[in-house]
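The lines below spell out each chain.
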Amino acid sequence: MFPDDEEDESELYESEEPSGEKGSPYTPTVEYYHKTYAISCGGDDQRAVRIFRDYESHEKLRRLQMELQLIKDGKVSDRICDRIVGKKRKGRYNSYERWGQLMLLWLTSKKK
């Protein structure tokens, strides 16, 4: 590995985000999940996350889990979550942190 390639994983998610909001992690996999799965499932996140888990690669699933953990821990600004996740989910789940927590739970739960 080249010395320049040794970046801290947290630095990979520092805001390269179009809004330019410094210090807040960017969540491209959550944005992909939302555009590809959540919208097509009519906002039923539990169903959408099961479909995501069934059809996406293990690597993409791990990235989604990592980004959801950032949201659950409150490390992603509300402004970014408003744009990517949507204010309706904040209202439905009372906070983005609670939404992230439930999404992680649904991702790891066994199929029924």
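Since this is a predicted model, take the numbers as computed values, not measurements.

**Some remarks on the pattern of salt bridges**
Next up, step 1: Inspection of every chain in the model, using the stated rule, returns five salt bridges.
Next up, step 2: With a shortest N-O distance of 2.7 Å, R89 and D45 are connected by a salt bridge. Here R89 is found in helix α6 (residues 87-93), whereas its partner D45 is found in helix α3 (residues 45-55), with 44 residues between them in sequence. The burial state of R89 is the same as that of D45; both residues are buried.
Next up, step 3: With its nearest N and O atoms 3.1 Å apart, the salt bridge here joins K90 to D78. Of the two residues, K90 is situated in helix α6 and D78 in helix α5 (residues 78-84); the sequence distance between them amounts to 12 residues.
Next up, step 4: A relative accessible area of 30% means that K90 is categorised as partly exposed.
Next up, step 5: Salt bridges here are not isolated pairs; linked through shared partners, they connect E31, K35 and R83.

**Quick word on the confidence of the model for the chain**
Next up, step 1: Averaged over every residue, the pLDDT of the chain is 82; residues scoring 70 or more account for 77%.
Next up, step 2: Confidence drops under a pLDDT of 50 for residues 1-20, and excluding neighbours within four residues, the segment shows 22 contacts in the predicted structure.

**Focus: the packing of helix α4 (residues 58-72) against helix α7 (residues 96-108)**
Next up, step 1: Close contact between α4 and α7 brings their axes to 7 Å; oriented N to C, the two are set at 150 degrees. Between α4 and α7, the angle is such that the two are roughly antiparallel. At the point where α4 passes α7, the crossing takes the left-handed sense. Counting all contacts with α4, which are made through L61, L64, Q65, L68, Q69, I71 and K72, the residues of α7 involved are Y96, E97, W99, G100, Q101, M103, L104, L107 and T108.

**Let's talk about the environment of K60**
Next up, step 1: Looking at where K60 falls in the secondary structure, it is placed in helix α4.
Next up, step 2: Counting along the chain gives 27 residues from K60 to Y33, while the straight-line C-alpha distance between them is 9.9 Å.
Next up, step 3: Setting aside its immediate chain neighbours within four residues, K60 contacts T29, Y32 and F52.

Quick notes on the rules
Residues numbered from 1 in each chain as written. Predicted model: local features only at pLDDT ≥ 70, side-chain atom pairs only at ≥ 80, totals over all residues. Heavy atoms only, no water. Salt bridge = Lys/Arg side-chain N within 4 Å of Asp/Glu carboxyl O. Helix = DSSP H or I, 4+ residues; strand = E, 2+ residues; numbered from the N terminus. Buried < 20%, exposed > 50% of the residue type's maximum accessible area, 1.4 Å probe, protein only. pLDDT = per-residue confidence, 0-100. Contact = heavy atoms within 4.5 Å. Axes fitted to C-alpha atoms, helices over the stretch in contact; angles between N-to-C directions. Parallel < 35°, antiparallel > 145°, perpendicular 65-115°, else oblique. Left-handed = near helix turned anticlockwise from the far one by under 90°.

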